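Chains, contacts and geometry: an overview
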Amino acid sequence: MTTIYVKILKIDGTCVTCCIETAVLLFIYKYLQYENDGILPLYFIIDPELEEQETVVVDVSDINFQCKTDDFTDVSLKNCHLPIYSLNEHYSICGFCAVIREMIKTFEVYQWLLGFRGACLSVCAEFSIWTKFCEVDLIEAVRSILVRSSATIPKDLIRLEYHLLQPVRTHNIRKMASLYAKKNGNVEKDGATIEHCFVEGAELLISDLIVFPLIHISFALYGIENLRSLIPLTCKWYELMCSQEKISLCAKILSIQKSFAVLPLSIPTVKKESMYKCDPKRYNPDRRYFTKQEKIDKVLKIVDSMDVLKNRDYHDNSILYENFTWNDVPHDANPKGGDLPDTRLSRKQHQIENIVKAALKIVGKNDIVVDFCCGGGHIGILLAYLLPSCSVILLDYKEFSLKKAYDRIKRLELKNVHIIQSNIDYFKGDFQLGVSLHACGVAADLVINKCIESRSKFVVAPCCYGKVQENHVLHYPKSKLMYDSVSLQDYLVLGHSADQTHKDEYSKSDQGEKCMKIIDADRCFHAEENNYRVYLAKMIPVTCSPKNNFIVGIPE
């Protein structure tokens, strides 16, 4: 049975005191349930830790809900931050935007809120500026307003204003421009311009429903009349939203009792740019596929002077592996059962085999194993089959791949696997072994960090070194050893060069291999600085992937 779980601080009659994220979710829940009562069961879980956070009051007199104790049997409730959308005992969706997206999918009549190809807010916050703005930045801005009275408006409200000032950018912008041109009687195909009526363009989307209650709370605190001259486009958008009867009625559930007396208000200095553009911190965004050789030579000279690769040889795989044979593995526990094309099957089997053999060597009898960035679950499903006494969690944010994994699990009748559709940041559970095959860019470091936090063993094969970027969770270089000597820009040069490893005959492959080893050595140093015994190894055969390094970590 599908169920939504959200956290609150307390219930007082028909009102709940809750965190900002829950208030936003309840606003959207009210919007979706407006004419569809009872379709989405809602549970409140009381979280005393919210005493330490800024909270708001929400009127739930017209919302059907139940309270749940902290005696959790659901795997996701034990292992993930709320909110959670539980589909059944083996499959859950976690994370703020992910849960709201799934709520909308429940109602066919509201599918349009997900936008072009259902992609609105589908990319996790570690990779998308826009998702991060809706899921992290604007929420923190509202929290800062609640915490203290300041005459300076938070920068993220100004970022929204400047975003609305920029041209609309969507994947289907030409088609939309053509439709609007025809609608307005313009015979020129490209003669129409699309204004920012809503936060992502000319149509109301899920992002508007998330941003609205946050701006509603902000305006209630500041007073909209005090903001008209400072953020006029945001005020215009807000009033457009309020003009829609359903939104106006749903907004009444939000009770804001504070107000500001600090006037006049001022705005901070913020760059005028769209939040659809590439990350401004990204190295060489206009030429990201090309790194000049003189820059690489400069960084390698610095690294060579540090002796970073001294005594960092690849380990003998024979001491890292516990053997198994594919002959004893049923079809659906083999990547053959994951609908892989024949051209990829052999290489994928070799990649999986390397990770699984290393995992079997260090896993405990009753360990909880997490397959991070699991995709179709090839490694996690195989480990669940080979280790029936262990519990396995498949974690990824890609719904399509996870649904394939779920079908395989059902066919194999595995009872020791749970799927969590989520980004890594929302996972908080205790586990003893983390595995990951070709986690892309920053994801490999998020996995290693999560394992170190849990003091768990890990087997991680990184990928896409050129996509490594700092975000709200990570900094680079990872280790203190390299952080003190190598700048972020130089580190990103190494990452770009590390992706030049595609062919033996390619002139820069050896250089790319060296840069790949340096990045992974930094990851090893980071784990060792956190009291881990670490092994850096090569997959066998090395031809199974250009990204054939993997790291084994065991806490001391």
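Our subject is the structure listed above.
Our subject in this report is the structure included herewith. (Residues numbered from 1 in each chain as written. Predicted model: local features only at pLDDT ≥ 70, side-chain atom pairs only at ≥ 80, totals over all residues. Heavy atoms only, no water.)

As for its position among the elements, D62 is in the loop between β4 (56-59) and β5 (66-68). The exposed category is assigned to D62, whose relative accessible area is 58%. Between the alpha carbons of D62 and I253 there is a distance of 9.0 Å; along the sequence they are 191 residues apart. (Helix = DSSP H or I, 4+ residues; strand = E, 2+ residues; numbered from the N terminus. Buried < 20%, exposed > 50% of the residue type's maximum accessible area, 1.4 Å probe, protein only.)

Take helix α13 (residues 399-412) next. Here α13 is 14 residues long and its end C-alpha atoms lie 20 Å apart, about the 20 Å a rise of 1.5 Å per residue gives. Among the residues of α13, S401, L402, A405, Y406, R408, I409 and L412 are the ones counted as buried. On an axial view of α13, the arc spanned by its buried residues comes to 165°, and they lie on one face. Summarising the contacts, the buried residues of α13 are in contact with β6 (84-88), β7 (91-94), α12 (378-386), β10 (391-396) and β11 (417-421). E413, located one to two residues past α13, shows a positive phi value of around 60°. (Expected span 1.5 Å × (residues − 1). Arc of directions from axis to C-beta. Contact = heavy atoms within 4.5 Å.)

Checked against the element boundaries, S497 lands in helix α16 (residues 488-498). Excluding residues within four positions of it along the chain, S497 makes contact with I296, Q511, G512 and C515. A polar atom in the side chain of S497 sits 3.5 Å from the side chain of Q511. (Polar contact = N/O pair within 3.5 Å; in protein donor to acceptor, adjacent residues only side chain to side chain.)

Another point: unusual backbone geometry. A cis amide bond, omega 10°, links L82 with the succeeding residue P83. Along the polypeptide, P83 turns up in the loop between α2 (75-79) and β6. In this structure, D307 is a non-glycine residue whose phi angle is positive, near 55°. Here D307 shows up in the loop between α10 (293-306) and α11 (342-362). A positive phi angle, close to 50°, is found at C464, a residue other than glycine. Within the element layout of this structure, C464 appears in the loop between β13 (457-463) and α15 (480-483). Its relative accessible area of 22% is what places C464 among the partly exposed residues.

A word on the packing of aromatic side chains. Counted under the stated rule, the structure contains 17 aromatic pairs. Residues W130 and F133 carry aromatic rings whose centres are separated by 5.6 Å and whose planes lie at 10° to one another, so their mutual orientation is stacked. A residue pair is termed a helical-turn pair when its members lie 3 or 4 positions apart in one helix, as W130 and F133 do in helix α4 (residues 129-147) at three residues. With respect to class, W130 is no different from F133; both count as buried. Between F372 and F427 the ring centres are 5.9 Å apart and the planes differ by 90°, which places this aromatic pair in the edge-to-face class. Of this pair, F372 sits in strand β9 (residues 368-372) while F427 is found in the loop between β11 and β12 (433-440), placing the two residues 55 residues apart along the sequence. Given a relative accessible area of 0%, F372 falls into the buried group. Taken together, the aromatic side chains of F27, F212, F219, W237 and Y238 make up a single cluster linked through ring pairs. For the cation-ring pair, K68 lies above Y43, with the distance from its terminal atom to the ring centre recorded as 5.9 Å. (Phe/Tyr/Trp six-rings, centres within 6.5 Å; stacked < 30°, edge-to-face > 60°. Lys NZ or Arg CZ within 6 Å of the ring centre and 35° of its normal.)

With 13 residues, helix α1 (residues 20-32) should reach 18 Å at 1.5 Å per residue; the first-to-last C-alpha distance of 19 Å fits that figure. Most of α1 sits out of view: twelve of its 13 residues are buried.

In this section: the pairing of β11. For β11, the tally of buried residues reaches five of five residues, placing the bulk of the element in the interior. Because side chains alternate across β11, one face comprises the buried residues V417, I419 and Q421, and the other comprises H418 and I420, equally buried. The sheet contact formed by β7 and β11 spans three bridges and is parallel. Bridge pairing in β11 places S92 opposite I420. Here five bridges tie β10 to β11, and the two strands are oriented parallel to one another. Each bridged residue has a counterpart across the sheet, and for I393 the counterpart in β11 is H418. Between the parallel elements β10 and β11, the chain passes through α13 in a crossover that is right-handed. (Pairing = 2+ DSSP bridges. Right-handed = clockwise from strand over helix to strand, strands pointing away.)

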